[in-house]
Amino acid sequence: MKTINIAIDGPAGAGKSTIAKMVSAEMGYIYVDTGAMYRAVALYLTENNIPDEEAEKHMEEVEVSLKFVDGTQRVYLGDRDVSDLIRTPEISMAASRTSAIPAVRARLFDLQQKLARENNIIMDGRDIGTVVLPNADVKIFLTASAEERANRRYKELSEKPDCPTYEEILKDIIERDYNDMNRETAPLKQAEDAVLVDTTELTLEQSAAKIAEIIKERV
Ligand code: DC
């Protein structure tokens, strides 16, 4: 049976994962966060002191897998749940570099396509509509200004100890955008047949409602 595949791409902090989670819960689809897979590989390389230049040689031994617990994705390296460990600023920056390595992308590509073949999914990332699922039923490119994305991230972190400044967060976002859009392999860009949604002026609820509407019109 053909599965329904929905691709959501866009830069860091545009709200992809929060919105995709809300919409997939509403529609009964599985939400697949591909950024978490790149983060898990980055964690593996970091923990084992493997420099990026040598990553390719180690790809066979990296075992990334996903499990879905009550509809929530957990990411595993081997049999270790690393879902929380991959959310640090260091791993964010490392994942941005790691994801530019073609051998890393090749390793995760098969896993992502298999998930899409076997399940009704909403998959988010940077190259889902362009490379991983070029025949997705619906493609959305979700974006917001860098300043607004930094603002949201700052609000999220401001309660926590050691919160970075707004300027530091903005600088990180601009650097990651640059890396993601300018790498040679599968750079972040809008697929020709993707619907552009800019959430700069929208609340989370408004953004989720808009995405749900776009999906329901098409499937
Ligand atoms: O969405 P995120 O911030 O968790 O992604 C982490 C990094 O992985 C980010 O710098 C971009 C990269 N990435 C990618 O290159 N391709 C994807 N499909 C998903 C993420």
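Remember, predicted model here, so these are calculated numbers, not experimental data.

**Some thoughts on the sheet that holds strand S5 (residues 80-81)**
Then step 1. Spatial ordering of the open sheet is given by S3-S4-S5, a layout of 3 strands whose pairing is antiparallel. The outermost strands of the open sheet, each flanked by one partner alone, are strand S3 (64-69) and S5.
Then step 2. With 6 bridges joining them, S3 and strand S4 (residues 72-77) adopt antiparallel strand pairing. Among the inter-strand pairings, Leu-66 is bridged to a residue of S4, identified as Val-75.
Then step 3. Along the sheet, helix H2 (residues 34-47) makes contact with S3, S4 and S5, crossing S4 at roughly 25 degrees.

**Some remarks on the sheet that holds strand S6 (residues 121-125)**
Then step 1. Strand order in the open sheet formed by 5 strands is S2-S6-S1-S7-S8, with parallel pairing between adjacent strands. Sheet topology places strand S2 (30-33) and strand S8 (195-198) at the edges, where each strand pairs with a single neighbour. The mean inter-strand angle of the sheet, taken between neighbouring strand axes irrespective of direction, is 20 degrees.
Then step 2. Where strand S7 (residues 138-143) meets S8, 4 bridges bridge the pair, whose relative direction is parallel. Residue pairing across strands places Thr-143 opposite Asp-198, the latter belonging to S8.
Then step 3. Contacts between H2 and the sheet are confined to S2 and S6, with S2 contributing the most and set at about 40 degrees to the helix.
Then step 4. Where helix H9 (residues 204-218) meets the sheet, its contacts fall on strand S1 (5-9), S6, S7 and S8, and the angle it forms with S7 comes to roughly 165 degrees.

**What to know about unusual backbone geometry**
If a residue is not glycine, its phi is most likely negative; likewise, a peptide bond is most likely trans.
Then step 1. Here the phi dihedral of Asn-49 falls at roughly 50 degrees; this positive angle occurs in a residue that is not glycine.
Then step 2. Position of Asn-49 relative to the elements: it lies in the loop between H2 and helix H3 (55-58).
Then step 3. Residue classification places Asn-49 among the exposed residues on the basis of a relative accessible area of 69%.
Then step 4. Despite not being glycine, Ala-186 shows a phi value in the positive range, around 45 degrees.

**Things to note about the packing of H2 against helix H4 (residues 89-98)**
Then step 1. Where H2 meets H4, the closest approach of the two axes is 8 Å, and the angle between their N-to-C directions is 100 degrees. Comparing the axis directions of H2 and H4 gives the class roughly perpendicular. Here H2 contributes Tyr-38, Arg-39, Val-41, Ala-42, Leu-43, Leu-45 and Thr-46 to the contact with H4, which in turn contributes Ile-91, Ser-92, Ala-94, Ala-95 and Thr-98.
Then step 2. For the contact of H2 with H4, the per-class residue count stands at 8 nonpolar, 3 polar and 1 charged.

**Here's the deal with the nonpolar core**
Then step 1. If you look at the biggest cluster of nonpolar residues, it comprises 36 residues, and the most contacted ones within it are Val-41, Met-59, Val-64, Val-75, Leu-77, Met-123 and Leu-133.
Then step 2. Residue assignment for this core shows that the elements contributing at least two residues are H2, S3, S4, H4, helix H5 (102-118), S6 and helix H6 (128-132).
Then step 3. The element contributing the most residues to this core is H2, with 9 residues.
Then step 4. With residues near it in sequence (within four places) discarded, Leu-77 still touches Ala-40, Leu-43, Tyr-44, Val-62, Glu-63, Val-64 and Val-82.
Then step 5. With 18 residues, the next largest nonpolar core counts Ala-14, Ala-20, Ile-211 and Ile-214 among its residues.

Each value, and the rule that gives it
Residues numbered from 1 in each chain as written. Predicted model: local features only at pLDDT ≥ 70, side-chain atom pairs only at ≥ 80, totals over all residues. Heavy atoms only, no water. Pairing = 2+ DSSP bridges. Helix = DSSP H or I, 4+ residues; strand = E, 2+ residues; numbered from the N terminus. Contact = heavy atoms within 4.5 Å. Axes fitted to C-alpha atoms, helices over the stretch in contact; angles between N-to-C directions. Buried < 20%, exposed > 50% of the residue type's maximum accessible area, 1.4 Å probe, protein only. Parallel < 35°, antiparallel > 145°, perpendicular 65-115°, else oblique. Nonpolar A, V, L, I, M, F, W, Y, C, P; charged D, E, K, R; others polar. Core = buried A, V, L, I, M, F, W, Y, C linked by side-chain atoms within 4.5 Å.

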